[in-house]
Amino acid sequence: MSAFFSKFFSKEKKDTLDRGLSTSKQGVLSKIARAIAGKNKVDEDFLDDLEEILITSDVGVDTTLAIIDRLKDRVNRDGYMGTDELNSLLAEEVQALLADADNTVSSPDFTLPEGARRPYVIMVVGVNGVGKTTTIGKLAAQYRNAGYNVMLGAADTFRAAAIEQLQEWADRSGASIVKQKLGADPASVAFDTLKSAQAKGNVDVVIVDTAGRLHNKKALMDELTKIRNVMSKVIPDTPDEVLLVLDGSTGQNAYEQAKQYTAATKVTGLVITKLDGTAKGGVVLGISHSLSIPVRYIGLGEKIEDLQVFRKEEFVKALFGQD
């Protein structure tokens, strides 16, 4: 085990990653195994088969073609390789494509960047049903466990369940919360949240929930811009981070949501949830590469610790069955 792995990626987290991606891994590896059956080298015929495997694993067309091109260049440069080298070769080339997770939001132990201002403001967006509010709750718990004072803003005012759920997470994690009555102006809630954080003076992290916008409704997307603008009037240049939560199990639909949201607001990081129990883990690779937006976190289950900081090297190794 490398020094990097020992320091930043405990065995428990690796086991969680392997377990959470088991369905995706089995799907990808079984397809590759069938494609290489009876072959002893990586050749043009196999690369054609691999292209289909990656596309059907929700890696996406553009990302798949980029991977295949890299593999072809590698084969042309180094000569035809044995199929037993394929997984390692594939993992290396995929890692090279992924947008770097530069830890603008957090380091591997959920600490804020060195020199980050307080409060550090995170706005979370995404459609209903992707696990957005749960993700916010888990983030709050992780930051609280790291010793930070956390405040939540319940700006999803269209669903009583969202406000109640966020209140439960605040109670559970020890975070404070700002909320208004059902149907209140979301921008007003965001404004009050930041004002409250300023007044308290000891808040390190503010996480603002937003309504589960339908990504094809321009008026609703415009409201996200309004929320951003209102927050920046309280604290200039906020939010510091805009996290887009996507349901990994929806495959190609997640791509479309990502495109629409990045067009409507300045998304700075992605959270891919519900990767456990789905064979569509390849969507993480495609979205990160095609949009050049770093994946910050991945969701691998219901427990708080199942929300993990994304590390591209370990994710790719797990997906392609590398130790």
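Here goes a summary of the coordinates provided. The structure presented is a predicted model; accordingly, all values stated were derived computationally and were not measured.

Another aspect to go through is the overall build of the protein chain. Each helix and strand in the protein chain was counted, giving 13 helices and 8 strands. Buried residues in the protein chain amount to 54% of all 323 residues. Here the contacts in the protein chain between residues at least 6 apart in sequence split such that 76% fall between residues at least 24 apart. When the accessible surface of the protein chain is split by element, carbon and sulfur atoms take 47% of a total near 13,700 Å².

So, about the sheet that holds strand 3 (residues 176–178). With mixed pairing, 8 strands are arranged side by side in an open sheet as 3-2-4-1-5-6-7-8. The open sheet has two edge strands, strand 3 and strand 8 (307–309), and neither has a second partner. The sheet shows a mean angle of 25 degrees between the axes of neighbouring strands, direction not considered. Two elements, strand 2 (residues 150–155) and strand 3, share 3 bridges in a ladder whose sense is parallel. Within strand 3, the residue paired with L152 across the bridge is I177. Together, strand 1 (120–125), strand 4 (205–210) and strand 5 (241–247) form the strand contacts of helix 10 (residues 218–234), whose direction differs from that of strand 1 by roughly 170 degrees.

Time to look at the pattern of salt bridges. Charged atoms that come close allow side chains of opposite charge to pair. This structure, assessed with the given rule, holds 7 salt bridges. The salt bridge partner of D209 is K132, with a shortest N-O separation of 2.7 Å. Here D209 is found in strand 4, whereas its partner K132 is found in helix 7 (residues 132–145), with 77 residues between them in sequence. The exposure classification of D209 matches that of K132, with both residues buried. Its salt-bridge partner being K274, residue D247 comes within 3.7 Å of it at the nearest N-O pair. One end of the pair, D247, is in strand 5; the other, K274, is in the loop between strand 6 (269–273) and helix 12 (282–291), with 27 residues separating them in the sequence. Taking the relative accessible area as the measure of exposure, D247 reaches 9% and is therefore buried. Judged by its relative accessible area of 33%, K274 falls in the partly exposed class.

In this section: the packing of aromatic side chains. Scanning all chains against the criterion turns up 3 aromatic pairs. Seen in terms of ring centroids, Y143 and Y148 are 6.1 Å apart; in terms of plane orientation they differ by 75 degrees. Their pairing is edge-to-face. By the burial criterion, Y143 is buried, and Y148 matches it. Grouping aromatic residues by their ring pairs yields a cluster made of F110, Y143, Y148 and Y297.

In terms of residue burial, strand 4 counts as a mostly covered element, since 6 of its 6 residues are buried. Across the two faces of strand 4 the burial is the same, with V205, I207 and D209 and V206, V208 and T210 all buried. For strand 1 and strand 4, the ladder comprises 4 bridges, and the chain directions are parallel. Its bridge partner lying in strand 4, Y120 is registered against V205. Bridge count between strand 2 and strand 4: 6 bridges; the pairing is parallel. Bridge pairing links G153 to V208 in strand 4.

Turning next to the pairing of strand 7 (residues 295–299). With 5 of 5 residues buried, strand 7 lies mostly within the body of the structure. Both strand 6 and strand 7 contribute to a ladder of 3 bridges, which runs parallel. Bridge assignment links L270 to a residue of strand 7, and that residue is V295. With 3 bridges joining them, strand 7 and strand 8 adopt antiparallel strand pairing. Bridge pairing in strand 8 links Y297 to V309.

A word on helix 5 (residues 61–78). One turn of the α-helix equals 3.6 residues, which is why residues spaced by three or four share an orientation. Taking 1.5 Å as the rise per residue, helix 5 with 18 residues should run 26 Å; its terminal C-alpha atoms sit 25 Å apart, in good agreement. Among the residues making up helix 5, those that are buried are T63, T64, A66, I67, I68, L71, R74 and V75.

Let us now look at the packing of helix 9 (residues 186–200) against helix 10. Their axes nearest at 9 Å, the elements helix 9 and helix 10 cross at an angle of 25 degrees. Considering their axes alone, helix 9 and helix 10 lie roughly parallel with respect to each other. For the pair helix 9 and helix 10, the crossing hand works out as right-handed. Taken together, the residues of helix 10 that come into contact with helix 9 (itself represented by P186, A187, A190, F191, L194, K195 and Q198) are E223, K226, I227, V230, M231 and V234. Class assignment of the residues belonging to the contact of helix 9 with helix 10 gives a composition of 9 nonpolar, 1 polar and 3 charged.

What counts, and at which threshold
Residues numbered from 1 in each chain as written. Predicted model: local features only at pLDDT ≥ 70, side-chain atom pairs only at ≥ 80, totals over all residues. Heavy atoms only, no water. Helix = DSSP H or I, 4+ residues; strand = E, 2+ residues; numbered from the N terminus. Buried < 20%, exposed > 50% of the residue type's maximum accessible area, 1.4 Å probe, protein only. Contact = heavy atoms within 4.5 Å. Areas by Shrake-Rupley, 256 points an atom, 1.4 Å probe, with all protein chains shown as cover. Pairing = 2+ DSSP bridges. Axes fitted to C-alpha atoms, helices over the stretch in contact; angles between N-to-C directions. Salt bridge = Lys/Arg side-chain N within 4 Å of Asp/Glu carboxyl O. Phe/Tyr/Trp six-rings, centres within 6.5 Å; stacked < 30°, edge-to-face > 60°. Expected span 1.5 Å × (residues − 1). Parallel < 35°, antiparallel > 145°, perpendicular 65-115°, else oblique. Left-handed = near helix turned anticlockwise from the far one by under 90°. Nonpolar A, V, L, I, M, F, W, Y, C, P; charged D, E, K, R; others polar.

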